[in-house]
Amino acid sequence: MLNTARTLISSHGYDGMVISDLSEQSGLPPSSIYYHFGNKLGVLVALLERTFEDLHASFPSPSAFDGSPPLERFELWFTAACTALDQRPEYLRLLIAVSIGSHADADTVRGTVRRIRAYGYTSWVEALTPVFAPVDSPEDTELVERLAVLGRAMTDGLSVATSFDGTTYVSHVPAFVALVRGFAEDRQRARRR
């Protein structure tokens, strides 16, 4: 049933998904949908939760690459993360789609979206810390936090780009890694002065 909901939301948007279509295409009577999910918003929240769990299971932790030097560790993590997103292209599109519109203000949707975005932010912080804040200094920690916000926003933007441009997340890895690498090298040179 949630796969059907994902398909309907992907093709018609959340507002365009109606319980009668969901019932017809999933083969479940409307009464079962209402019993298990309460309403259309309940279906959306369950779909978000399931999508998050699926992606979380395939999404790499930066610590999986701890044996590598910091910049290489970042590149390995970012490549693996983009590969996971390429394998589940609907994930970020769905997240963005449910983050807008009248349903976005529902506490259940906001809470789920915040938790998903917090997970992304935490992953970025964990990936960037060895590169920019190997020693715990407030200045470096603040930089990592700002870069994590930027990285998460960039990933959100890539979901739009991959949808409209027909590109993959992985195709953007070299440019972003080069940016991080260049910035890290500039900071190292400035510290040596």
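Residues numbered from 1 in each chain as written. Predicted model: local features only at pLDDT ≥ 70, side-chain atom pairs only at ≥ 80, totals over all residues. Heavy atoms only, no water.

## Comments concerning the overall build of the protein
Right, on to step 1. From N to C terminus, the protein includes nine helices and zero strands.
Right, on to step 2. Counting from the amino terminus, the protein carries its helices and strands in the arrangement α-α-α-α-α-α-α-α-α.
Right, on to step 3. Within the protein, the proportion of its 193 residues that are buried is 41%.
Right, on to step 4. Long-range contacts, defined as pairs at least 24 residues apart, comprise 67% of the intrachain contacts of the protein with a sequence gap of at least 6.
Right, on to step 5. Of the roughly 10,000 Å² of accessible surface on the protein, 56% is carried by carbon and sulfur atoms. (Helix = DSSP H or I, 4+ residues; strand = E, 2+ residues; numbered from the N terminus. Buried < 20%, exposed > 50% of the residue type's maximum accessible area, 1.4 Å probe, protein only. Contact = heavy atoms within 4.5 Å. Areas by Shrake-Rupley, 256 points an atom, 1.4 Å probe, with all protein chains shown as cover.)

## Structural notes on the packing of aromatic side chains
Right, on to step 1. Tallied over the full model, the rule gives twelve aromatic pairs.
Right, on to step 2. Pairing Phe74 with Trp77 gives two aromatic rings, centres 6.1 Å apart and planes at 50 degrees, and the pair type is tilted. Note that Phe74 and Trp77 are positioned in helix H5 (residues 70–87) at a spacing of three residues, about one turn of the helix.
Right, on to step 3. Here the aromatic rings of Phe78 and Phe176 are separated by 5.3 Å at their centres, their planes lie at 45 degrees, and the arrangement is tilted. With a gap of 98 residues between them, Phe78 in helix H5 and Phe176 in helix H9 (residues 173–192) connect regions that are remote in the sequence. Assigned by exposure class, Phe78 and Phe176 land together as buried. (Phe/Tyr/Trp six-rings, centres within 6.5 Å; stacked < 30°, edge-to-face > 60°.)

## As for the confidence of the model for the protein
Right, on to step 1. Of all residues in the protein, 96% have pLDDT values of 70 or greater, and the mean over the chain is 87.
Right, on to step 2. Within the protein, H5 carries the highest mean pLDDT (93), whereas helix H6 (residues 90–98) carries the lowest (70). (pLDDT = per-residue confidence, 0-100.)

## Looking at the pattern of salt bridges
Right, on to step 1. Enumeration according to the criterion identifies eight salt bridges in this entry.
Right, on to step 2. Note that Arg73 is salt-bridged to Asp66, the shortest N-O span being 2.8 Å.
Right, on to step 3. Classification of Arg73 by relative accessible area gives buried; the value is 6%.
Right, on to step 4. Classification of Asp66 as partly exposed rests on a relative accessible area of 48%.
Right, on to step 5. Bridged by salt links that share partners, the residues Asp140, Arg187 and Arg191 form one connected network. (Salt bridge = Lys/Arg side-chain N within 4 Å of Asp/Glu carboxyl O.)

## Some details on helix H1 (residues 2–16)
Each turn of an α-helix holds 3.6 residues, which means side chains three or four residues apart point in the same direction.
Right, on to step 1. Taking 1.5 Å per residue, 15 residues should reach 21 Å; H1 reaches only 16 Å between its end C-alpha atoms and comes up short.
Right, on to step 2. Ser10 marks the point of greatest bend in H1, at about 90 degrees.
Right, on to step 3. Among the residues of H1, those classed as buried are Leu2, Thr4, Ala5, Arg6, Leu8, Ile9 and Tyr14. (Expected span 1.5 Å × (residues − 1). Bend = angle between axes of the 7 residues up to and from the residue.)

## Description of the packing of H1 against helix H4 (residues 40–58)
Right, on to step 1. Contact geometry of H1 with H4 gives a least axis separation of 10 Å together with a crossing angle of 115 degrees. When the axes of H1 and H4 are compared, the pair comes out roughly perpendicular. Our pair here, H1 against H4, has a crossing hand that is left-handed. Residues Leu2, Asn3, Ala5, Arg6, Ile9, Tyr14 and Asp15 of H1 form the contact with H4, whose participating residues are Lys40, Leu41, Val43, Leu44, Ala46, Leu47, Arg50, Thr51 and Asp54.
Right, on to step 2. Partitioned by chemical class, the residues of the contact of H1 with H4 number nine nonpolar, two polar and five charged. (Axes fitted to C-alpha atoms, helices over the stretch in contact; angles between N-to-C directions. Parallel < 35°, antiparallel > 145°, perpendicular 65-115°, else oblique. Left-handed = near helix turned anticlockwise from the far one by under 90°. Nonpolar A, V, L, I, M, F, W, Y, C, P; charged D, E, K, R; others polar.)

## Quick look at the nonpolar core
Right, on to step 1. One finds Phe74, Trp77, Phe78, Trp124 and Phe132 to be the most contacted residues of the largest nonpolar core, which totals 53 residues.
Right, on to step 2. Counting residues per element, the ones that place at least two in this core are H1, helix H2 (19–26), H4, H5, H6, helix H7 (107–132), helix H8 (138–165) and H9.
Right, on to step 3. With residues near it in sequence (within four places) discarded, Phe132 still touches Asp140, Leu143, Val144, Leu147, Val180, Phe183, Ala184, Arg187 and Arg191. (Core = buried A, V, L, I, M, F, W, Y, C linked by side-chain atoms within 4.5 Å.)

## A look at the environment of Gly151
Right, on to step 1. Within the fold, Gly151 resides in helix H8.
Right, on to step 2. Residue Gly151 is classed as buried on the basis of its relative accessible area of 0%.
Right, on to step 3. Along the primary structure Gly151 and Gln25 are separated by 126 residues, whereas in three dimensions their C-alpha atoms are 38 Å apart.
Right, on to step 4. Not counting residues up to four positions away in its chain, the partners in contact with Gly151 are Trp124 and Phe176.

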